[in-house]
Every structure is written in structure tokens, then in C-alpha cells.
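# Structural characterization, general
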Amino acid sequence: MTELQTHRAKPLSAGAWVPEIIAFCCNYCAYAAADLAGSRRMQYPSNVRVVHVPCTGKIEMEHILSAFEKGIDGVLIAGCLEGGCHFLEGNLRAKRRSEYLQEMLDQIGVGRDRLRMVNLSAAMAPTFVQRVEEIVEKVKSLGPNPLRKSGVP
Ligand code: FES
């Protein structure tokens, strides 16, 4: 996995708690949408780290749980539109996993709303930026990851 380097960072306000968010973007549509947002100089919060994956279907539940265990405050999974996955059904697998993980996150007190999956076409740069901003605002309203506060490594 490599990180997208091209996005334009919005400055963050000094002193305030800032959630750490990971956006897993599939290699095709979602990454292209993120890249297009960068090339159009569209800004989104700099506390969102874009991680490039071959397909959302390749994201194992352990990757997500490990991110939360390490204190990440929110995770966005961005894949191709349904029916548009370049690995046929990878995004549908990812959708099922995300729903299962949301249940699990509720049960362990982290909260389902810290995880969101979205589907994008390569041309949907504004939607990508909007979804990123939405998860940042949602996670800000939830506060820090409770696993981080409780000191779970
Ligand atoms: Fe984009 Fe599978 S290649 S979700």
C-alpha cells in the first residue's frame, strides 16, 4: 500500500484535538477520484491519510481493527461503484465486511459511525472530498477513539 501524495491539505486549527482518519482507496475508481481532487487542487483536511489498496475487497478486517487498536479515530473505505469493481465483487465483499465490522465496533464500544464505506467513480472527485469532510465532522462529533483513551496499545 502506498499513500497518495497529491492531495491539497487544508490547514488545521492549532491547539484543538484533531481526529486521525485513514481513507483506504482502491487502485481504480476511488484512487482516481482522490487523485483528481488533488490535481484540481480541491482541499480536504490534512488529518486524512489516503492509503492506496488494490481493491477494497483486499482490505481484511484485521487491517481495520488494527487501525482502531492503534488509536485511529475513523476509517473511510472508498471503492468503485457497485457493479464497477475491477475485481468483479471486491467492493461487495468490502461492503459486507464493513457492515459486519460496524456491528463489532458497536459491541466493543468504539461505535459504528467511525467506519464508513463509500462507492465512487473515477470522476467523482467532489464527492470524494465531500465524503472525507463528512467522516471528519462525524468523528469530531464522536470525540477521540475510546481505545486510544483507555490506553489499549
Ligand atoms: Fe475498486 Fe475493487 S477495484 S473496489
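Before going into details, it helps to say that this report is about the structure given with it.

Definitions and cut-offs
- Residues numbered from 1 in each chain as written.
- Predicted model: local features only at pLDDT ≥ 70, side-chain atom pairs only at ≥ 80, totals over all residues.
- Heavy atoms only, no water.
- 1 Å grid on protein atoms, 1.4 Å probe; cavity = no way out; pocket = protein on both sides within 12 Å on 5 of 7 lines; lining within 4 Å.
- Points joined across faces, edges and corners; volume = space filled by probe spheres on them.
- Helix = DSSP H or I, 4+ residues; strand = E, 2+ residues; numbered from the N terminus.
- Contact = heavy atoms within 4.5 Å.
- Buried < 20%, exposed > 50% of the residue type's maximum accessible area, 1.4 Å probe, protein only.
- Pairing = 2+ DSSP bridges.
- Right-handed = clockwise from strand over helix to strand, strands pointing away.
- Salt bridge = Lys/Arg side-chain N within 4 Å of Asp/Glu carboxyl O.
- Expected span 1.5 Å × (residues − 1).
- Arc of directions from axis to C-beta.

## Describing empty space enclosed by the protein
- Going through the model one piece at a time under the given rule, you end up with two cavities of 30 Å³ or more.
- By volume, the largest cavity amounts to about 50 Å³.
- Along the walls of the largest cavity sit Thr56, Ile59, Glu60, Met61, Ile64, Ile77, Ala94, Arg97, Ser98 and Leu101, which together make up its complete lining.
- Counting only elements with at least two residues in the lining of the largest cavity, the list comes to α2 (61-69) and α3 (90-107).
- Looking at which element gives the most residues to the lining of the largest cavity, the answer is α3, with four residues.

## Quick look at the environment of Ala30
- As for its position among the elements, Ala30 is in helix α1 (residues 29-39).
- Along the backbone, Ala30 and Met124 are 94 residues apart, and their C-alpha atoms lie at a distance of 8.2 Å.
- Leaving out residues up to four positions away in the same chain, Ala30 has contacts with Cys25, Ala78, Gly79 and Leu120.

## A few points about α1
- Regarding α1, the residues found buried are Cys29, Ala30, Tyr31, Ala33, Ala34, Ala37 and Gly38.
- Directly after α1, the chain includes Arg41, whose backbone phi takes a positive value near 60 degrees.

## Let's talk about the pairing of strand β7 (residues 115-120)
- For strand β6 (residues 74-80) and β7, the ladder comprises six bridges, and the chain directions are parallel. If you follow Ala78 over to β7, its bridge partner there is Val118.
- With α3 bridging β6 and its parallel neighbour β7, the resulting β-α-β unit is right-handed.

## Focus on the pattern of salt bridges
- In this structure the tally under the stated criterion is eight salt bridges.
- Salt-bridge contacts for Glu20 lead to Arg148; the nearest nitrogen and oxygen are separated by 3.5 Å. A residue pair is termed long-range when its members are at least 10 positions apart, and Glu20 in the loop between β2 (8-10) and β3 (21-26) and Arg148 in helix α5 (residues 146-149) qualify at 128 residues.
- Overall, the relative accessible area of 37% leaves Glu20 in the partly exposed class.
- One salt bridge connects Glu134 with Arg131, and the closest N-O pair in it is separated by 3.2 Å. Pair noted here: Glu134 and Arg131 are both in helix α4 (residues 125-142), with a separation of three residues, about one helical turn.
- Assessed through its relative accessible area of 29%, Glu134 is described here as partly exposed.

## Observations regarding α3
- Taking 1.5 Å per residue as the helical rise, α3 with its 18 residues ought to reach 26 Å, and the 26 Å between its terminal C-alpha atoms agrees with that figure.
- For α3, the full list of buried residues reads Gly90, Asn91, Ala94, Ser98, Leu101, Gln102 and Leu105. Seen end-on, α3 carries its buried residues on one side only, within an arc spanning 110 degrees. Residues Arg96 and Gln107 are exposed on α3 and point more than 90 degrees away from its buried face.
- Among the structural elements, α2, β6 and β7 are those in contact with the buried residues of α3.
- Trailing α3 by a residue or two, Gly109 shows a phi angle of about 85 degrees, which is positive.

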